[in-house]
Amino acid sequence: MAEIQLRNVGKRWGTFVGVHNFDLTIADKEFLVLLGPSGCGKTTTMRMIAGLEDVSEGEIRIDDTVVNELEPKDRDVAMVFQSYALYPNMNVYENIRFPLKVRGIDPATHHDRVMQAAERVELGEFLHRKPAELSGGQRQRVALARAIVRKPKVFLMDEPLSNLDAKLRVSTRAQIKNLSHDLQATTIYVTHDQIEAMTLADRVVVMKKGVVQQVGSPTEIYDHPANTFVASFIGSPAMNLMDGEVTGGVFRAPHVEIAGINAPDGPLTLGFRAEDATVAQGSGQINAPIYTLELLGDATMISVRVGEALVSVKADKTYRAEIGDMVSLSVPTEICHLFNAEDGARLGS
Amino acid sequence: MSSTIANRSSRSLIVISSAFVLLWVIVASFPFLWTLWGSFKVQGDFFSKADWTQALTGTRTLIETGGTFTGKGYEGAWVQEEFWRAAINTFIIVFFTVVISLTFGTLGGYALARSGHNYSFWLLMIALVFRAMPHITLVSGYLLPFFEWNLWGHIPTAIIVLVAINQPFTLWMLHSFFLNIPKDLDESAKVDGCNQFQAFRHVIIPVMWPGVITTGLFSFLLAYNDFSVTSMLLSEENRTMVPAIYGFLGSTQEEGNVMFAVASVVSATAPLFVLVMFFQRQIVSGLTAGAVKG
């Protein structure tokens, strides 16, 4: 049981602002993902919750206790580091047991708890190996086991999958999701990978340069991005964004003409998702030569140039054409997202 | 065809490099072997003016003692001149110098490696300056106050000065070892339930062990081999081995004393061989730690 409250939390190093005015309540048992590019302050935020970084301003509460001045060991959190940070001189068993040992938990219970945690991440047969003798995926599981052995209030995970290869990442991701569901602990997970965020999170916090851009469920963030940054960060491929002019409800950009746009006259950034648009049978809203054609297996990705932007549309997997051929794309008004051309904020709802 | 050429050239390479290593071993070990051999002769043989081969054959030794090998040099040095006192003094001084400078070195090196403050850089720079100074400059500065305060001649005084000379080096060396240990380890230990000192004690020091051994060995050698400090600061009865050997050499008028020096040189060198062989694995891993990312 742990609710975490961040009250206007900020972190400064001299004049450099690492995290600015972070205000959020993380519900008990919630799986929260902090998402953003490197240097956006997501790891700093997590480290402040762990107690590894001093809080410059604001207040962090865990279950209504202000923890700003508490040592990491007194906050009842467990953390999985990006580098795993296993103790190289101890074998797997001792690594997992370490948190129990230093906290003076009754030694009689150690063996059962270590074995339980090790079984939970399928490490049973490696207990007597040193970390140096393990593969990356196995080390990662030791780090997980070490975190769960103590059943802490809060789990913190700092890009735990970033050092694994692509295939292992998918299976470990599933394991983490299953684990957090079973353990029912509040989890904060830091990543720069939007797919991890989408698949794991109950709620996602998108950050940029220390400022929170949007907080919401994965669906909300995907369907209603708050600004062009979130729109271009979430989704694979990211949302298409085109700069153009609106005159009398018609959006115009090179090769583009979309009518029925509910925005005042003037410059506008218009976005839509590649999978929402289709190849038009007759004339569509975008008529342009094909810039490139990519076969994805389950679909064919067509890209055209609109001004400086590259706009992609997912077509049927049987679609074939040559680079340079003219293509018509259907972009109905309903799938369009409208953003302020200057600050990138979302217009309307 | 090409493979046989490659084989031949690699074989000749092996022969040449083996011959070179062998030559190097002979050149490097010759002085030690020569001294070891000669320490069992009398002065007339080992320092023979007539014929140097007498040092090998031991002609005079046979005439003087009735055998081609004699332990007279050792007997004279250890029993007659009480070289064992010097050995005990050396042991005491070396032990305390190593323990004190390693204690301060590990704590200080750890603090400096983990400190984000600017002054840690300047502290290390100042340490480097003191490290670069010739040892004798410290001694000449200390000598007068030591006389005035009646501290001259005592073993603790020499220990303090040796620690002062040693400390910048141990601090630097351990600092760079600590830098190679990722900060994540400290932080992981802290989240797992350690306070700062427990993290240092349970997690960092076990990983640091080869580094501590290597640094300890270097400060051991510095204290063990020191001449300038111990010869200037210690009274006759508190002398360590190196100044004692120098003392044997200084009185060449009296025959036999130079052989005491040779015998005590061998006695002083032997423990070093044992020590290096005993710790060689830790020394090598300590010297190469951080060279390769593990």
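Residues numbered from 1 in each chain as written. Chains lettered and ligands numbered in written order. Predicted model: local features only at pLDDT ≥ 70, side-chain atom pairs only at ≥ 80, totals over all residues.

## Observations concerning unusual backbone geometry
Residue and element names in this part refer to chain A.
Okay, step 1: Cis geometry marks the peptide bond from Ser236 to Pro237; its omega dihedral reads 0 degrees.
Okay, step 2: The residue Pro237 is located in the loop between helix H8 (228-233) and strand S11 (240-247) in this model.
Okay, step 3: With a phi angle near 70 degrees, Asp64 is a residue other than glycine that sits in the positive phi range.
Okay, step 4: Topologically, Asp64 is positioned in the loop between strand S4 (57-62) and strand S5 (65-66). (Helix = DSSP H or I, 4+ residues; strand = E, 2+ residues; numbered from the N terminus.)

## As for the UniProt feature "transmembrane region" (unreviewed entry) in chain B
All names here are of chain B.
Okay, step 1: Annotation from UniProt places "transmembrane region" (unreviewed entry) at residues 12-37, 86-112, 119-143, 155-178, 199-224 and 258-279.
Okay, step 2: Across residues 12-37, helical content stands at 100% and strand content at 0%; the span's end C-alpha atoms are separated by 35 Å.
Okay, step 3: Helix makes up 100% of residues 155-178 and strand 0%. Its end C-alpha atoms lie 32 Å apart. (UniProt positions renumbered as here; feature names shortened; annotations may be inferred.)

## A short note on the packing of helix H4 (residues 136-148) of chain A against helix H5 (residues 166-183) of chain A
All names here are of chain A.
Okay, step 1: Running from N to C, H4 and H5 cross one another at 10 degrees; their axes reach a closest spacing of 12 Å. Between H4 and H5, the angle is such that the two are roughly parallel. Taken together, the residues of H5 that come into contact with H4 (itself represented by Gly137, Gln140 and Ile148) are Leu168, Thr172, Leu179 and Leu183. (Axes fitted to C-alpha atoms, helices over the stretch in contact; angles between N-to-C directions. Parallel < 35°, antiparallel > 145°, perpendicular 65-115°, else oblique. Contact = placed C-beta atoms within 7 Å.)

## Re the sheet that holds strand S7 (residues 154-158) of chain A
The strands that make up a sheet pair up through hydrogen bonds in the backbone, lying either parallel or antiparallel.
Residues and elements named next belong to chain A.
Okay, step 1: With respect to topology, six strands assemble into an open sheet ordered S6-S7-S8-S3-S9-S10, the strand pairing being mixed. Across the chains shown, the open sheet's two edge strands, defined by having one partner strand only, are strand S6 (77-80) and strand S10 (211-216). Averaged over all pairs of adjacent strands, the angle between their axes in this sheet comes to 15 degrees, without regard to strand direction.
Okay, step 2: Pairing of strand S3 (residues 31-35) with strand S9 (residues 203-208) involves four bridges; the strand directions are parallel. Paired with Val33 across the two strands is Val204, which belongs to S9.
Okay, step 3: The sheet contacts of H4 involve S6 and S7, and relative to S6 the element is tilted by about 180 degrees. (Pairing = 2+ DSSP bridges.)

## Thoughts on the domain arrangement of chain B
Residues and elements named next belong to chain B.
Okay, step 1: Domain annotation for chain B reports domain 1 (1-31), domain 2 (39-70) and domain 3 (76-293).
Okay, step 2: Using only C-alpha atoms to locate each centre, domain 2 and domain 3 end up separated by 38 Å.
Okay, step 3: In this complex, domain 2 contributes five residues to the contact, which on the side of domain 3 involves seven residues.
Okay, step 4: Looking at the side of domain 2 that touches domain 3, its residues break down into three nonpolar, two polar and no charged. (Domains from an automatic or database assignment. Nonpolar A, V, L, I, M, F, W, Y, C, P; charged D, E, K, R; others polar.)

## Concerning the confidence of the model for chain B
Residues and elements named next belong to chain B.
Okay, step 1: Summing up the model confidence of chain B, the mean pLDDT is 85 and the portion of residues at 70 or higher is 92%.
Okay, step 2: Mean pLDDT per element in chain B: helix H14 (residues 257-288) is the minimum at 81, and helix H6 (residues 83-114) is the maximum at 93.
Okay, step 3: Here residues 290-294 scores under 50 on pLDDT; set against residues more than four positions off or in separate chains, the count is two contacts.
Okay, step 4: The ipTM value of the predicted complex is 0.84, and its pTM value is 0.79. (pLDDT = per-residue confidence, 0-100.)

## Quick look at the nonpolar core
Okay, step 1: Among the nonpolar cores identified, the biggest contains 125 residues, and Val33, Met79, Ile96, Ala145, Leu156 and Ile188 of chain A together with Leu162 of chain B are the most heavily contacted of them.
Okay, step 2: Of the residues forming this core, the biggest block, eleven residues, is contributed by helix H9 (residues 155-179) of chain B.
Okay, step 3: Excluding its chain neighbours within four sequence positions, the residues that come into contact with Leu162 of chain B are Ile93, Thr97, Ala223, Asp226 and Val229 of chain B.
Okay, step 4: Listed in part, the 17 residues of the second largest apolar core include Phe46, Ala77, Ala261 and Ala263 of chain B. (Core = buried A, V, L, I, M, F, W, Y, C linked by C-beta atoms within 7 Å. Buried ≥ 20, exposed ≤ 12 C-beta atoms within 10 Å, placed from the backbone.)

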